[in-house]
Amino acid sequence: MTALADTTRFLIDFNAHDVAVALGVPIPQAAAALIYGVPEDDIASYQAEIDAGLARAVAACSEHPGLAALRHALAPSGGPLLCIGDSITTYRYSYAHLLRHALAPDGIPMLNHGYSGHTSTHGLELTFTRFLHLQPALVTIKYGVNDCKQFGGPEAPELVSPTDYARNLRQIVRAFQQHTSARVVVLTPTPVCEAIVNPLPDIRSMRLIWRNQRLLHYAELALETAAETGALAVDLRQALGSSPDSALYCPDGLHPNAAGQWMIFEQMLAAFASESPTERTGP
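This text gives an overview of the structure that appears in the document. Because the structure is a prediction, the values reported are computed rather than measured. (Residues numbered from 1 in each chain as written. Predicted model: local features only at pLDDT ≥ 70, side-chain atom pairs only at ≥ 80, totals over all residues. Heavy atoms only, no water.)

In this section: a nonpolar patch on the surface. Taken together, the side chains of Phe-151, Leu-159 and Met-206 define a hydrophobic patch exposed on the protein surface, amounting to about 280 Å² of accessible area. Note on placement: Phe-151 falls in strand 4 (residues 150-151). Given the relative accessible area of 38%, Phe-151 is considered partly exposed. (Patch = residues over 30% accessible without salt bridge, like charges linked within 9 Å, V, L, I, M, F, W, Y side chains within 5 Å. Areas by Shrake-Rupley, 256 points an atom, 1.4 Å probe, with all protein chains shown as cover. Salt bridge = Lys/Arg side-chain N within 4 Å of Asp/Glu carboxyl O. Helix = DSSP H or I, 4+ residues; strand = E, 2+ residues; numbered from the N terminus. Buried < 20%, exposed > 50% of the residue type's maximum accessible area, 1.4 Å probe, protein only.)

Listed below in structure tokens is the structure:
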């Protein structure tokens with residue numbers, strides 16, 4: 001295993017150097033190495049080790065009916081699969097990267113435009129400034145965990161209000177439906193391990209809390225938006241529950257780890273497998 005400090009692995013895992021890419025600025029691996037203060041070859045080796053493991057993992061489900069349905073949805077336009085969201089999407093072990101490896105034998109590219117810290121408000125702006133021109137065949141949308149942040153205590157308002165979250169999500173979905181031929185998939189926000197994440201010194205110093213009660217409400221809003229717009233809904237509460245097992249999460253209690261991401265991946269495949277032809281037609 002490549003010898004890197006845990007803090008460096010964490011930054012690489014969540015592509016902290018990629019935030020500038022949201023502005024359309026490409027970040028070469030050499031620049032990332034300078035940011036992290038490690039040799040460029042070490043980053044490449046570390047990422048290659050993870051990719052090899054993910055490729056081995058998805059090989060076992062190559063005949064899953066959900067993958068067949070996903071390939072069918074991607075086939076007509078020949079465009080890429082686009083995954084947009086926050087750190088849970090950009091994470092090196094994420095469902096998006098699992099999808100990338102699962103579709104690689106078919107030559108279908110996956111574009112991962114998840115960015116740490118992003119909310120649905122970021123997603124709405126980037127949809128119009130950067131994402132629509134990519135003309136994806138299918139787009140997955142996963143926002144909500146950062147929208148639910150409460151700075152200042154449990155009585156403080158969410159960073160993005162429920163009304164604004166629902167409106168942002170609706171506008172993002174409608175934009176892809178109106179300006180691309182993409183099939184749209186909406187994932188609900190994932191819950192957190194409150195007893196782990198909220199007491200963390202860095203979180204407490206920011207007067208920041210997450211509450212699963214609020215996350216569940218935003219999940220309902222995401223499902224309502226999917227139903228209203230004809231998007232395919234992936235309810236991740238069915239995969240992780242409303243009060244998740246910490247064994248499925250990184251030590252921060254906020255981000256699903258490799259095991260948790262696998263459950264998200266499986267839930268997505270199940271949603272595609274169960275989707276009927278009438279549901280694929282959209283509004």
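One pass over the structure, following the stated rule, counts 5 aromatic pairs. With 4.8 Å between their ring centres and 50° between their planes, Phe-10 and Phe-14 make a pair best called tilted. For Phe-10, a relative accessible area of 40% gives the class partly exposed. Seen from their ring centres, Trp-262 and Phe-265 are 5.0 Å apart, and the 50° between their planes marks the pair as tilted. Taken together, the residues Trp-262 and Phe-265, both in helix 13 (residues 258-274) and 3 residues apart, mark about one turn of the helix. Here Trp-262 falls in the partly exposed class, since its relative accessible area comes to 24%. Residue classification places Phe-265 among the buried residues on the basis of a relative accessible area of 0%. Aromatic ring contacts, followed pair by pair, group Phe-10, Phe-14, Tyr-91 and Tyr-93 into a single cluster. (Phe/Tyr/Trp six-rings, centres within 6.5 Å; stacked < 30°, edge-to-face > 60°.)

The subject of this paragraph is the layout of surface pockets. In this structure, the largest pocket encloses a volume near 520 Å³. In this structure, the largest pocket is lined by 21 residues; those nearest its centre are Phe-10, Ile-203, Asp-252, Leu-254 and His-255. For the lining of the largest pocket, the secondary structure elements donating two or more residues are helix 1 (6-13) and helix 10 (201-205). Looking at the lining of the largest pocket residue by residue, the class counts come to 13 nonpolar, 5 polar and 3 charged. (1 Å grid on protein atoms, 1.4 Å probe; cavity = no way out; pocket = protein on both sides within 12 Å on 5 of 7 lines; lining within 4 Å. Points joined across faces, edges and corners; volume = space filled by probe spheres on them. Nonpolar A, V, L, I, M, F, W, Y, C, P; charged D, E, K, R; others polar.)

With that settled, consider the pairing of strand 5 (residues 183-187). Burial analysis of strand 5 places 5 of its 5 residues in the buried class, which makes it a mostly covered element. Across the two faces of strand 5 the burial is the same, with Arg-183, Val-185 and Leu-187 and Val-184 and Val-186 all buried. Judged from the 3 bridges that link them, strand 5 and strand 7 (residues 232-234) form a sheet pairing that is parallel. When the bridges of strand 7 are listed, Val-185 appears paired with Leu-232. (Pairing = 2+ DSSP bridges.)

Right, let's get into the environment of His-122. Checked against the element boundaries, His-122 lands in helix 7 (residues 120-131). A relative accessible area of 34% means that His-122 is categorised as partly exposed. Sequence spacing of His-122 and Asn-168 is 46 residues, and the spatial spacing of their C-alpha atoms is 9.2 Å.

Here the focus is the sheet that holds strand 1 (residues 81-85). Taken together, 5 strands build an open sheet; the order of strands is 2-1-3-5-7 and the sheet is parallel. Each having just a single partner strand, strand 2 (110-114) and strand 7 make up the two edges of the open sheet. Going across the sheet, the axis of each strand differs from the next one's by a mean of 15°, ignoring polarity. Bridge analysis of strand 3 (residues 138-142) against strand 5 gives 4 bridges, and the strand direction is parallel. Following the sheet pairing, Val-139 is matched in strand 5 by Val-184. Contacting strand 1, strand 3 and strand 5, helix 8 (residues 162-179) crosses the sheet at an angle of about 160° to strand 5. (Axes fitted to C-alpha atoms, helices over the stretch in contact; angles between N-to-C directions. Contact = heavy atoms within 4.5 Å.)

Function cannot be read off these values alone, since they describe shape.
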